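Structural characterization, general
Now for the letters of each chain:
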Amino acid sequence: MTIETTAAQTAAPATGETVTMTYSEAIRDALRIAMAKDPAVFIMGEDVGTYGGAFGVTGELINEIGPDRVRDTTISELGIMGAGVGAAMTGMRPIVEIQFSDFTAQAMDQIANQAAKIHFMLGGAVNVPMVIRAPGGSGTGAAAQHSQSLEAWFVHIPGLKVVMPATADDAKGLLLSAIDDPNPVMVIEHKLLYKTSGEVRTGDVRTPLGVAAVPREGKDLTIIATGVEVSRALEAAEILAADGIEATVVDPRTLKPLDSDTILRTVKATGRVLLVQEAVRTLGFMSEVSAIISESDAFAYLRAPIKRLAGLDIPIPYAPKLERASVPQVEDIVAAATDLVRKW
C-alpha cells in the first residue's frame, strides 16, 4: 500500500470552537483528521470509495485522500474483516466499515475469535489496532436482516470495546478515541442519526472511552438510554417536566468499558431507574446494567423496581407502522417513566 499525506490533509488543531455538523459529517471529519495525522490509518469496506459509502458517510474522502487509503473491497464481510485483522497486526490502523451491522454475522469468527483474542493469546506481543464501524438499528424500512440492534453480541466478547455515539460530537470524538486505541473497537452508529445535526467541537478532539454523559439532570428518576433512544429519552424528559416529573438522562456512550460509577451515582440520587434500549429485551445490554445496579449499594437507594423498556422479541417488520411499534418511541418512554414515578 502506498501511503502519502499532503499538506491539505494536515489535521487541524483543537480550537475550543464548535460548528454545526450532521452526525455523518462529524464521522467524516474524524476520519479525515485521523488519516491526516497518521499515515497508517486507512478505510476499507464495500462502496466506501467512489460511491461514498452506503449511507454517504465517507463521501468525497477518496478524492481527498486517494484510493490507496479509502479502499473499496469485494462483497465479503469475512474477507474484509480478515484483511483488517491482518493489516492491524502488521502495523496499520484499519477502519473497517460494514454496510449494516447485521452483516457482522458473516464475519464473527474474525471479530470474536481473531481480532478480540490475538493480543491475549500471544501474551501481549501483538496488538490489533482496528476500528469496526457498523450502522445499526431500525427506522429505515430495511426489514429484519438490515435493522437489528446487536450491541449485546459484541459487549459479550472479551477483548472488544464497544461504543454507541448518540450525538454528532460524540460520533467524532469517540471515533477518534477508538482509532487511537491499541486494540479493536466496535463503533455502532444508528442509521437514523446520520442526518441529525448538532454542535461539534472543531479540530483534533476526543471523547474518552469509558466515560458516560449526563445531558440532563432531574430528581425523580434516572433514564439510561443508548443510541437513538438517547434523543428520544431527552424529548420524553421535556414532556415529563411539563407534567411535574424531572428526569435525569444518562448516555453510557461506551458500552464496554462501561462507566458504572456515573450510572450508580445518578441512580442513588433519584431512587428510580428506567433502562431504555432499541434492541430486543431478552438478554439485552440493559439486562447487564440492571444487574450492575442490583449488585451494588445503589440497590438500597431504590424506591421502585428497576424497569426495562426494550424492543419486542421479534424480527423487525418491514411495514412502517409495525416497525415503529416494535421499538421504544418517545411516548413509550413517557408512559413508562410516568408509571414508575406515580406508582412508586
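The structure contained in this document is the topic of the report that follows. Everything numeric here is computed off the predicted structure, so don't read it as measured data.

Criteria and cut-off values
- Residues numbered from 1 in each chain as written.
- Predicted model: local features only at pLDDT ≥ 70, side-chain atom pairs only at ≥ 80, totals over all residues.
- Heavy atoms only, no water.
- Buried < 20%, exposed > 50% of the residue type's maximum accessible area, 1.4 Å probe, protein only.
- Helix = DSSP H or I, 4+ residues; strand = E, 2+ residues; numbered from the N terminus.
- Contact = heavy atoms within 4.5 Å.
- Core = buried A, V, L, I, M, F, W, Y, C linked by side-chain atoms within 4.5 Å.
- Pairing = 2+ DSSP bridges.
- Right-handed = clockwise from strand over helix to strand, strands pointing away.

**Overview of helix 4 (residues 108-115)**
Along helix 4, the residues classified as buried are Gln110, Ile111, Ala112 and Ala115. Taken together, the buried residues of helix 4 touch helix 3 (77-89), helix 5 (118-121), strand 5 (131-136), helix 6 (151-155) and strand 7 (185-190).

**Details of unusual backbone geometry**
With omega at 0 degrees, the peptide bond leading from Lys256 into Pro257 counts as cis. Of note, Pro257 is situated in the loop between strand 12 (254-256) and helix 9 (260-270). We note that Asp47 has phi near 65 degrees; this positive angle belongs to a residue other than glycine. Here Asp47 shows up in the loop between strand 2 (41-45) and helix 2 (61-65). At Arg253, a position not held by glycine, the phi torsion is positive, near 65 degrees.

**Quick look at the nonpolar core**
Met130, Phe154, Met186 and Ile293 are the most contacted members of the largest nonpolar core, which totals 47 residues. Among the elements that make up this core, the one with the highest residue count is helix 3 (five residues). With residues near it in sequence (within four places) discarded, Met130 still touches Met81, Gly84, Val85, Ala88, Pro94, Val96, Ala115, Asn183, Pro184 and Val185. Counting 29 residues, the second-largest nonpolar core is a separate cluster that includes Leu61, Ile62, Ala171 and Leu193.

**Section: the pairing of strand 14 (residues 307-311)**
When strand 13 (residues 273-280) meets strand 14, the two strands line up parallel, connected through four bridges. Pairing of Leu275 across the sheet is with Arg308, part of strand 14. In this view, the connection linking strand 13 to its parallel neighbour strand 14 by way of helix 10 (residues 285-294) has right-handed handedness.

Any functional reading would require information that these geometric values do not contain.
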